[in-house]
Amino acid sequence: MSFFYRNGTLCAEQLPLDELARRFGTPCYVYSRAAIELAYAAYSSALAGREALICYSVKANPNLAVLSLMARLGAGFDIVSGGELARVLAARGDPGKIVFSGVGKTELEIEQALLAEIRCINLESEPELERVNAVADRLGRRAPVAFRVNPDVDAKTHRHISTGLKQNKFGVAYDDAERLYARAARMRNIEIYGIGCHIGSQLTDPAPFVEAAARIATLAARLEATGIPMAHIDLGGGIGINYRDESPPPVAEFIAGALAALGTNRSGLILDPGRSIVGNAGLLLTRIEYVKPGAAKSFLVVDAAMNDLLRPALYEAWHEVRAVREAPPGATPIAYDIVGPVCESGDFLARERQLVASAGDLLAVMSAGAYGMSMSSNYNSRPRAAEVLVDGEQAHLIRARETTEDLFALERILP
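Residues numbered from 1 in each chain as written. Predicted model: local features only at pLDDT ≥ 70, side-chain atom pairs only at ≥ 80, totals over all residues. Heavy atoms only, no water.

**So, the overall build of the protein**
Phase 1: When helices and strands are tallied, the protein shows twelve helices and 21 strands.
Phase 2: For a compact globule of 415 residues, the expected C-alpha radius of gyration is about 22 Å, and the protein comes in at 23 Å, within 12% of that figure.
Phase 3: With respect to the three principal axes, the spread of C-alpha positions in the protein is 70 × 60 × 40 Å.
Phase 4: The buried share of the protein, reckoned over its 415 residues, is 53%.
Phase 5: Counting only contacts in the protein whose residues sit at least 6 apart along the sequence, the fraction spanning at least 24 positions is 70%. (Helix = DSSP H or I, 4+ residues; strand = E, 2+ residues; numbered from the N terminus. Rg over C-alpha atoms; globule rule 2.2 N^0.38 Å. Buried < 20%, exposed > 50% of the residue type's maximum accessible area, 1.4 Å probe, protein only. Contact = heavy atoms within 4.5 Å.)

Structure, rendered in structure tokens:
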């Protein structure tokens, strides 16, 4: 375990969190290097003996230190913007291991991707095929592509993170795929590399993942029978983690089911995990500013807010909250809503949590390594938090806390 109590104090690896709060202030994101490496190893072990590439999903946590660590572990990267491409390159990621997904790629982003010589552009519509072909023609290049095919499989996850149904904006329709591949194969500036899909995030049941793999494998076989090669099959990511009472099986079980669904197909396999690599490897450290009792509800007002961790306000997501200092024996906990100072009724990090708490105490909001800092904002002109990576007995500041001056450094007053 990377986060555990020692002598009554919650620690990240070998460092007490109250020490990190003294050094770096709060709110602060804290990540465990060991936890990230262990989660990645679960994928690499499950894929041993198969031609495969693990493309870390940058949107989950795009900090340069995290990306650099992933690159050193041998990972590729799944990106969805030109900004994410620039981050991966700045972190010295291998462009030949980058796949570019997303429904709204601009001409500039496509040009950047082609000039960087990334592995593959995942096409999500017929107009995008036309745009990629035109940009490649202008540059005198052939664009490596795969279609992201929508398998119309229900991922049985939150509606905002389900991506593989007919009504979702992602991918091309399964029934249109063969026509689109045939058209792409006739374009002189297009080189077909494979096929892909992604059905959603926070998957806790392997069955939909395996069903999608089977549908994509069937389609890949039909395409190959027409002479269109499939160098790789990209099954996406989305494997879930335990936030509260979810019980996702081990990564190896998801992968074993998908490999069985692929049958005799020996195309290279690409997976795009994000949350399952970094989600439980991070926490948000925050300090209680006020204990506010009320007739109907009592509150802990902390220095973190929805601008720091949006998931609870956006999805009503549940994050475990732990006191950094264990309560003394015999202390009676009270039910609190944990809220921030942002001027919105939806500004909360947790509801109805039983805690023994006083002003000045530290709390750890767990499982915040994915879609925490990456979704943060400056709403209410709040500087974004610091980020710290713990490696054994060492703590590295991997993103300095923003200053108030940083918030308006790019703005100008009219003369």
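**Here we look at the packing of helix α8 (residues 206-225) against helix α9 (residues 251-262)**
Phase 1: Here α8 crosses α9 at 25°, and the two axes come no closer than 8 Å. Judged by the angle between their axes, α8 and α9 are roughly parallel. Seen along the crossing, α8 lies across α9 with a hand that is right-handed. Facing α8, whose interface residues are Pro206, Phe209, Val210, Ala213, Ala214 and Ala217, α9 presents Glu253, Phe254, Gly257, Ala258, Ala261 and Leu262.
Phase 2: Its residues assigned to classes, the contact of α8 with α9 shows ten nonpolar, one polar and one charged. (Axes fitted to C-alpha atoms, helices over the stretch in contact; angles between N-to-C directions. Parallel < 35°, antiparallel > 145°, perpendicular 65-115°, else oblique. Left-handed = near helix turned anticlockwise from the far one by under 90°. Nonpolar A, V, L, I, M, F, W, Y, C, P; charged D, E, K, R; others polar.)

**Let's talk about the sheet that holds strand β1 (residues 3-6)**
Phase 1: The antiparallel open sheet is built from three strands, whose spatial order is β1-β2-β3. In this open sheet, the two strands that pair with only one neighbour each are β1 and β3 (15-16).
Phase 2: Bridge analysis of β1 against strand β2 (residues 9-12) gives four bridges, and the strand direction is antiparallel. When the sheet's bridge partners are listed, Phe4 is paired in β2 with Cys11. (Pairing = 2+ DSSP bridges.)

**Overview of the environment of Glu402**
Phase 1: Here Glu402 shows up in the loop between β21 (394-399) and α12 (404-407).
Phase 2: On the basis of relative accessibility, which here comes to 14%, the residue Glu402 falls in the buried class.
Phase 3: Separated by 2.8 Å, the side chain of Glu402 and the backbone nitrogen of Arg384 make a polar contact. (Polar contact = N/O pair within 3.5 Å; in protein donor to acceptor, adjacent residues only side chain to side chain.)

**Section: the pairing of β21**
Phase 1: Pairing of strand β20 (residues 386-391) with β21 involves five bridges; the strand directions are antiparallel. Residue pairing across strands places Glu387 opposite Arg399, the latter belonging to β21.
Phase 2: Here β20 folds back onto β21 in antiparallel fashion, the turn holding two residues, of which Gly392 has a positive phi close to 70°.

**Description of the packing of aromatic side chains**
Two descriptors summarise a pair of aromatic rings, namely the distance from one centre to the other and the angle between the planes of the rings.
Phase 1: On inspection of all chains with the given rule, the structure shows three aromatic pairs.
Phase 2: Relative to Tyr31, the ring of Tyr29 lies with its centre 6.3 Å away and its plane at 20°, an arrangement referred to as stacked.
Phase 3: With a centroid separation of 4.9 Å and an interplanar angle of 70°, the aromatic rings of Phe147 and Tyr181 are classed as edge-to-face. Of the two residues, Phe147 sits in strand β9 (residues 143-150) while Tyr181 sits in helix α7 (residues 177-185), which places them 34 residues apart along the sequence. Accessibility assignment for this pair places Phe147 and Tyr181 in one class, buried.
Phase 4: The ring of Tyr174 carries Arg215 above its face, with NZ or CZ at 3.9 Å from the centroid. (Phe/Tyr/Trp six-rings, centres within 6.5 Å; stacked < 30°, edge-to-face > 60°. Lys NZ or Arg CZ within 6 Å of the ring centre and 35° of its normal.)

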